[in-house]
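Summary of structural features
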Amino acid sequence: MQQQIDTLVVAGVGLIGGSFALALKRAGRVRTVIGVGRTLANLEKALALGVVDEISQDIAAVADRADVALLASPVGQMGALMAALAPGLRPGAVVTDGGSTKSDVAALYRRHLPDHLPWCVPAHPIAGSDLSGAAAAQYGLYENRRVVLTPLDETAPEAVETVAELWRACGAEIHAMSAAEHDAVFASVSHLPHLLAFAYVDQVAARADAERCFDFAATGFRDFTRIAGSHPEMWTDISLANRDALLAELAGYRAGLDRLAALLEAGDADGLNRLFGDARAARTRWHQQFLRRG
C-alpha cells in the first residue's frame, strides 16, 4: 500500500532530512514539506532550492500539522525537539528520526513522548557524506541504500509500516534490529572509523612538520581521512551517545595496534604478511558484497 501523506515536517534540513524530502516529493508521496531548523539562512536556502515548501524556526508552531515528523538533527538536539513537538502532536502522527545511534534515541522517545509511543519509530538511514546543509540534499541518495528500523516495544505495526513504506519510496531497503544490536554493529563499522580518522588527522596536524606532511599527502591520505571532514557536532553527539560500545571497540583496536607494533619490532615479515593478507581478503569479500547490493 502506497503511503500518501499531506504534511511532512523535517527538523534538520540537510543531507539526510533534505534528501528524504526530495525523494518523497519526486515520488508524489507528500503534498507539503515544512522545514524546521535553527539557522534561518539554511532554511531559506532549502526553500529556494525546492527542498521544502514552508519553513519555521519553531517546531512547536507546526507540530499540529504533522502527519509525519522526521527528526534529522544531530542526536544531541532530538530531546528538545521531541519535547517541543509533544504538546501539539495529533494522535496517529508518526514521529521518526535519522539518528546514527538508537538506544539513546529510544530513551528520548520514552522520556519526552510517553503518551505517543505507538507512533514513534526510531530509524537510521545508512547514507552519509561529509557535506552538510540544505545544499547537500540530493535526489537518489537512498537508492539501493539500507535503512535500519529499531521499533520500540510499544510501537504499533502500522506506524512501522508507514515509515518503512516511505523509505521504500525513496529507493531504500528496509532492515530491522534491536537498538542494542544496532549500536554494537555501527560502533564497529561506522563510528570507530570516524574516530580513527579524526584522531589521525589531529595527530598529523600536531606535528612540528605538519605543513610538510600535508604538502606531500596524496590519495592514501585522502581516502583514509575523507570522513574526518564530517560534522564535528554530530560526531561528538554520536560518540558520547554510543560511548560504551565505542570504548569496547577502541580497546579492541588498541590491542590490534599493539599486535602490529610487536610484529614490526620483531621484524616478523611472515606475521605482517599474514595480517595484511587476511585483512585484504576480508575487505575484498566485503567490497564484492557491497557491489552486489548495488
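Just so we're clear, the structure is a prediction, and the values are computed from it rather than from any experiment.

**Description of the overall build of the protein chain**
Secondary structure summary: the protein chain contains 12 helices and 9 strands in total. For the C-alpha atoms alone, the extent of the protein chain along its principal axes is close to 65 × 40 × 35 Å. Here the protein chain, with 294 residues, has 42% of them falling under the buried criterion. Of the contacts made within the protein chain by residues no fewer than 6 positions apart, 74% connect residues no fewer than 24 positions apart.

**Considering the sheet that holds strand E3 (residues 54-56)**
Taken together, 6 strands build an open sheet; the order of strands is E3-E2-E1-E4-E5-E6 and the sheet is parallel. What marks the edges here is a single partner per strand, and that holds for E3 and strand E6 (120-121). Lying on the sheet, helix H1 (residues 15-26) is in contact with strand E1 (5-11), strand E2 (30-36) and strand E4 (68-71); it crosses E1 at an angle near 165°. Across the sheet, helix H5 (residues 103-112) is in contact with strand E5 (94-97) and E6; its angle to E5 comes to roughly 150°.

**Things to note about the nonpolar core**
Formed by 38 residues in total, the largest nonpolar core has its most connected members in Leu 8, Phe 20, Val 51, Tyr 142 and Trp 167. Counting residues per element, the ones that place at least two in this core are E1, H1, E2, helix H2 (40-48), E4, strand E8 (146-149) and helix H6 (157-169). The leading source of residues in this core is H1, at 7 residues. Other than its neighbours up to four places away in sequence, Phe 20 contacts Leu 8, Leu 70, Tyr 142, Leu 166, Trp 167 and Cys 170.

**A word on the packing of helix H11 (residues 243-266) against helix H12 (residues 269-292)**
Remark: H11 packs on H12, axes separated minimally by 8 Å, with the N-to-C direction vectors making an angle of 145°. On H12, the residues that touch Arg 259, Leu 260, Leu 263 and Leu 264 of H11 are Gly 271, Leu 272, Leu 275 and Phe 276. Among the residues making up the contact of H11 with H12, the classes are represented as 6 nonpolar, 1 polar and 1 charged.

**A word on the pairing of E2**
Of all 7 residues in E2, 6 are buried; the element is thus mostly enclosed. Summarising the sheet, E1 and E2 pair through 6 bridges and their orientation is parallel. The residue bridging Val 9 from the neighbouring strand is Ile 34, located in E2. Following the chain from E1 across H1 to the adjacent parallel E2, one finds a crossover that is right-handed. Summarising the sheet, E2 and E3 pair through 3 bridges and their orientation is parallel. Within the sheet, the bridge partner assigned to Gly 35 lies in E3 and is Ile 55.

**So, the packing of helix H7 (residues 179-205) against helix H10 (residues 232-241)**
Relative orientation of the contacting elements H7 and H10 amounts to 125°, with a least axis distance of 11 Å. Taken together, the axes of H7 and H10 are oblique relative to one another. Between H7 and H10 the crossing geometry is left-handed. Residues Ser 190, His 191, His 194, Leu 195 and Phe 198 of H7 touch H10, and the partners they reach there are Trp 235, Ile 238 and Ser 239. For the contact of H7 with H10, a count of residues per class yields 4 nonpolar, 4 polar and no charged.

**Overview of the side chain of Asp 97**
Following the sequence through the fold, Asp 97 ends up in strand E5. Polar side-chain contacts of Asp 97 include one of 2.8 Å to the backbone nitrogen of Gly 99. Within the local environment of Asp 97, its side chain forms a polar contact with the backbone nitrogen of Ala 123, the two atoms lying 3.4 Å apart. Not counting residues within four places of it along the chain, the set of residues in contact with Asp 97 comprises Leu 70, Leu 71, Met 78, Lys 102, Val 105, Tyr 109, Val 121, Pro 122, Ala 123 and His 124.

**Considering the side chain of Thr 150**
Position of Thr 150 relative to the elements: it lies in the loop between E8 and H6. When residues no more than four places from it in sequence are discounted, the contact partners of Thr 150 are Lys 102, Pro 122, Met 177, Ser 178, Ala 179 and His 182.

**What about H11?**
Taking 1.5 Å per residue as the helical rise, H11 with its 24 residues ought to reach 34 Å, and the 34 Å between its terminal C-alpha atoms agrees with that figure. With its phi angle positive at about 65°, Gly 267 sits one or two positions after the end of H11.

**A look at the sheet that holds E8**
In space, the 3 strands of this open sheet follow the order E7-E8-E9, with mixed pairing throughout. Among the strands making up the open sheet, the edge pair consists of strand E7 (123-125) and strand E9 (173-176). Across the sheet, the mean angle separating the axes of adjacent strands is 20° when strand polarity is ignored. Alignment of E8 against E9, held across 4 bridges, turns out to be parallel. Note on E9: the bridge partner recorded for Leu 149 is Ala 176. Sheet strands touched by H6: E7, E8 and E9. Its angle to E8, the strand with the most contacts, is close to 170°.

How each quantity is defined
- Residues numbered from 1 in each chain as written.
- Predicted model: local features only at pLDDT ≥ 70, side-chain atom pairs only at ≥ 80, totals over all residues.
- Heavy atoms only, no water.
- Helix = DSSP H or I, 4+ residues; strand = E, 2+ residues; numbered from the N terminus.
- Buried < 20%, exposed > 50% of the residue type's maximum accessible area, 1.4 Å probe, protein only.
- Contact = heavy atoms within 4.5 Å.
- Pairing = 2+ DSSP bridges.
- Axes fitted to C-alpha atoms, helices over the stretch in contact; angles between N-to-C directions.
- Core = buried A, V, L, I, M, F, W, Y, C linked by side-chain atoms within 4.5 Å.
- Nonpolar A, V, L, I, M, F, W, Y, C, P; charged D, E, K, R; others polar.
- Right-handed = clockwise from strand over helix to strand, strands pointing away.
- Parallel < 35°, antiparallel > 145°, perpendicular 65-115°, else oblique.
- Left-handed = near helix turned anticlockwise from the far one by under 90°.
- Polar contact = N/O pair within 3.5 Å; in protein donor to acceptor, adjacent residues only side chain to side chain.
- Expected span 1.5 Å × (residues − 1).

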